[in-house]
Structures are given as structure tokens and as C-alpha cells.
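As a plain string of letters, each chain reads:
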Amino acid sequence: MKAIPTTDVPDNLVLELRRGAVVLAVLAQLRTEQYGYSLKKSLGDAGLAMDEGTLYPLLRRLESQGLLRSRWRVEDSRPRRYYRLSSQGEAMLPALRAEWDSLTKAVRRVIE
Amino acid sequence: MTSREAGLELIRRYVYQVGELLPPQQRDDVTAELRSLLEEGVEERARASGREVDEELTASFLIEFGAPGKVAERYGGEPRYLIGPRLFPTFLRVLKITWAGIGVACLVGFLFSAMTVPPCGPTEFWHVQDLLGWLLKFAQVTLANMAILIFTFALVERFLPAAWRPKSAWDPRKLAPVPAAPGTDRVSRAFLVVKIYVLVLLAVVLNFYPEWFGIVSFSSLGVQKIPFRDLGLYLPVPLIDVGWAMAVALGIVLIVRGRWERWSRWAELALGLYGAVILWLILTHSSLGSMHDTWVTQQGWKAFKNQNIPFYWRARMLDARMLYIFLAVWLLVTLAKTGKRLYDLLWKRTA
């Protein structure tokens, strides 16, 4: 995972902070079908750059948990694995989002 | 090979290495996806930097991606252990306890042989050679002990994880009450594992290698093993096996439940009584004086009175007498311990 623009915060603390948020971001992005590399780009464009070594295994884990489904497609003579939310993931996303909103509000109240 | 082919060859090797570290059922699927993603990533990187894919660019991309072992670990999900973090502290304690026991046994053996056995080696450095021999024995036994423990703990890690896993559904109303004397319900899992380990070893020796079940005698004839049966000791093997099996079963239950309870205290007390009965049977049915009688019959009472007894026979008579005393003391200690447990259970209200 790329370090966010901080100079003094150790990488492991940044990783801890981002771990849960990244799952939510990936699930939210996969409401539309994407393959690994395009997802990495779209997350990066949104300011949430992730390194591939973390993102791709995460996709597999979310799939094995039943939150994503995938299929192979050949595009530009290259086989690509496309992911999107499963029905279970679609049901889970609003609840996760509500949880995130509540958490960020609470943390903001605490730190300000 | 063109520079592009050299770069793609690096990806091929990299993906192969990651695949070798993955479980077989995941391998083909993950490596196919990984290869496609890496090739696309490198090409995108080349486009962005306005150059062609080559070995250097691919190498720097792969270094950023991570070492094959690390990437495989991320794909592997939950880490897999031979002995996991739950069992490792117990494993380490058992290893230390057994090593200390083996070390003390070897040290006592060496000191005893150094004091009692006359030099019989070819050189004046016989004791040094003896010490080296005992050090070698220590190394062999500790290594064998470690191998057995690793194997046993790995089996437990593989097949019995659910028993020690914290339960997700629980009810505070079902928590055990704090014992009248806090801490008395505490069990030492490491001690129990050592106890089970020793009992299983003893059972194997008693049932399959009974000739090893004896005492070591140090005499002018050198170090000799004397099986108990040669000393006239009566061993009710089936009854002993039953007692040990029950002790092992109680040990396993205590390890799984993690604390003493009233019923397990009573079970321990019953086992103590059972052990005392077996010791009583051994003492009353053994003919530990038979060697003495045999020798007197063969050589005559006069020779015995004159103490004209060869060392070989004297040593065995002494061994038999020592064994008798040892068993009698053991029986008394067992009865005293059982009595104390009964007192604690009835009057001290321990767990």
C-alpha cells in the first residue's frame, strides 16, 4: 500500500487505519464489474492508491467470503478476471456504509 | 530474446514461484490471474514512462509488487502453522521441562557411574570418555524427545483445534464460580502434557519392551540393566495399563477443560487409591527375597553367614532390598497424598 502523504506516521499505523476502509472502498467500487487492474486505477484516481500485492489477494478473500463473484473474460486478446458484488455483497454494502458513517462521525467527535 | 521477451520471462518465473508456494487447489486459478495482471501492469507502467517493456522495468515493477513468498502468503488467507501461537507456549514449556529432566537424569547417571564403576577403559582418560558418552546420550535423547514432541503437537494443531478455540456463543450465567480458595482450580497444561508423555512412554516400555523395565546396576562388571522380573517383582500389567489409561484420559480432559472441578478432583483421588491398591498388590505378591533364598539354597547358609557372597549376587540382593523399600515408601507417600486430597475436598472446599 502506498504511503499517504505523511512523513512522521509509521507505515504500520497507516496500514492499520486504512485496512477496514479499503474493504468498504473496494466493495463500493465493485457495484459495477471491474477487473483487478482497472479497479486499482479507479481507486488510485479517487485518491486511495493501493499496491497490487495487497489489492489482488483482497479480491480473492472477499470472493471466498461470498461478497464478490467473478468470471473470466477475454478482452484485447488478454484473459481477465472480472469481479462484481454478489447478492450477499449488495445486501451487505449499505449496512457497512452506515457503519462507516457512524464510525467516522464518532471518531471526528472524539479527535476534535 | 528481445528486451520485451526478457521482461515477460521475469513475470513467468515470478508467477511460477508464487504458484509453488500456494495450495494446489488455488494454484492454477491464482497464477492465471496474477500473470494477466502483472503483464498489464508492466505494460501500463511502460506506457506511462514512454518506453518499451524490458527486463529492468519489469524487475522494478516486481520488486514493488513484493517477494513471491509474501505475495503467496497474502493469497493464502489464514496463516498455517506446524505449531500455532495457541499451542506454542505450552510446547516450549514442555520442551524445557523434558530437556531439564533428561539433563538431570544424564548428569546423575554420569556422576553415579563415575563414583561407583572402577576405571575399565583402555586409557587414564576413561572418565573423560565416559563424560563424552553421556553427553552424546544427552544429545541423542533430547533430539529424539524434540522430534516426538513436535510430531505430537503438530498432530494436535492439525486435528484438535476446535477444542481449544474460544467459543463464539457463550453465556455469562454458565461461567464457573470462583473457588473458595482462588487459584486452586488452575491446571498446568505443560505439566499435564509432560505427565501424559511420560505415562505413554512407560506403557510402551512395560507392554512391548518389558526387559527394559528395570533398574541400572553399576558394578565391577560394568553397567548392567536388571529387568524387574529378574528381581522377583510381580507386575500386574493389565491393572497398571488400566490405571495409566485412566490417568491419561483425566489429563486430556483437564487440558481441554482448562481447570480442576469437583468431579475431576474426586477422579484424581480415586486414581490415587487405585494406584495404592496396585502398589499393595506388587508388594504382597513379589518375591523380592527370592535371590537371597536361591543363593542360600545353592551355596549353603554357612557361606552366607561368612559373607562369602560374590559381588554379582550381593548387588542383586541389595537391588531387590532397595526396590522393596522404595515401593513401600512410594505406597506410604501415595496414601498420604490421597489422604490430603480427601481432607482438602471435604474440609477446605477446593475446586
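Source: prediction; values computed, not measured.

Criteria and cut-off values
- Residues numbered from 1 in each chain as written.
- Chains lettered and ligands numbered in written order.
- Predicted model: local features only at pLDDT ≥ 70, side-chain atom pairs only at ≥ 80, totals over all residues.
- Core = buried A, V, L, I, M, F, W, Y, C linked by C-beta atoms within 7 Å.
- Buried ≥ 20, exposed ≤ 12 C-beta atoms within 10 Å, placed from the backbone.
- Helix = DSSP H or I, 4+ residues; strand = E, 2+ residues; numbered from the N terminus.
- Contact = placed C-beta atoms within 7 Å.
- Axes fitted to C-alpha atoms, helices over the stretch in contact; angles between N-to-C directions.
- Parallel < 35°, antiparallel > 145°, perpendicular 65-115°, else oblique.
- Left-handed = near helix turned anticlockwise from the far one by under 90°.
- Nonpolar A, V, L, I, M, F, W, Y, C, P; charged D, E, K, R; others polar.
- Pairing = 2+ DSSP bridges.

A. Layout of the nonpolar core. Judged by nonpolar contacts, the single largest core of 32 residues is most densely connected at A:Leu68, B:Val18 and B:Leu34. Breaking this core down by element, the ones donating at least two residues are helix H2 (36–45), helix H3 (52–64) and strand S3 (78–85) of chain A together with helix H1 (3–20), helix H2 (24–48), helix H3 (55–65) and helix H4 (68–75) of chain B. For B:Val18, the residues in contact, after removing those within four places along its chain, are B:Thr31, B:Leu34, B:Pro68, B:Val71 and B:Ala72.

B. Local environment of the packing of helix H8 (residues 189–208) of chain B against helix H9 (residues 237–257) of chain B. Residues and elements named next belong to chain B. At a minimum axis separation of 10 Å, H8 and H9 run at an interaxial angle of 160 degrees. The angle between H8 and H9 falls in the class roughly antiparallel. Two packed elements cross with a definite hand, and for H8 against H9 that hand is left-handed. Listed contacts from H9 to Arg 189, Leu 192, Lys 195, Ile 196, Leu 199, Val 200, Leu 202, Ala 203, Leu 206 and Asn 207 of H8 are Val 237, Ile 240, Asp 241, Trp 244, Ala 247, Val 248, Gly 251, Ile 252, Leu 254 and Ile 255. Of the residues assigned to the contact of H8 with H9, the class counts are 15 nonpolar, two polar and three charged.

C. Summary view of the interface of chain B and chain A. Taken together, the 14 residues of chain B in the interface contact 14 residues of chain A. Contributing elements (two or more residues each) for the side of chain B that touches chain A: H2, H3 and H4 of chain B. Sorting elements by how many residues they give to the side of chain B that touches chain A places H2(B) first, with seven residues. Looking at the side of chain B that touches chain A, its residues break down into six nonpolar, four polar and four charged.

D. Summary view of the packing of H2(A) against H3(A). Residue and element names in this part refer to chain A. One can describe the packing of H2 onto H3 by two numbers: an axis separation of 10 Å at closest approach and a directional angle of 120 degrees. Taken together, the axes of H2 and H3 lie oblique to each other. As for the relative orientation of H2 and H3, their crossing is right-handed in sense. The segment H2 lies against H3, with Gly 36, Leu 39 and Lys 40 engaging Glu 52, Leu 55, Tyr 56 and Leu 59. Looking at the contact of H2 with H3, its residues break down into four nonpolar, one polar and two charged.

E. A look at the environment of A:Leu30. Residue and element names in this part refer to chain A. Positionally, Leu 30 belongs in the loop between helix H1 (11–29) and strand S1 (34–35). Each C-alpha atom of the pair Leu 30 and Arg 84 lies 4.8 Å from the other, and the pair is 54 residues apart in sequence. Non-local contacts of Leu 30, meaning those with residues more than four positions away in its chain, are made with Leu 68, Tyr 83, Arg 84 and Leu 85.

F. Looking closely at the pairing of S3(A). Residue and element names in this part refer to chain A. Relative to S3, S1 runs antiparallel, the two being bridged by two bridges. In the sheet register, Gln 34 faces S3, and the bridge partner there is Tyr 83. Where strand S2 (residues 68–75) meets S3, eight bridges bridge the pair, whose relative direction is antiparallel. The residue of S3 that forms the bridge with Glu 75 is Arg 78.

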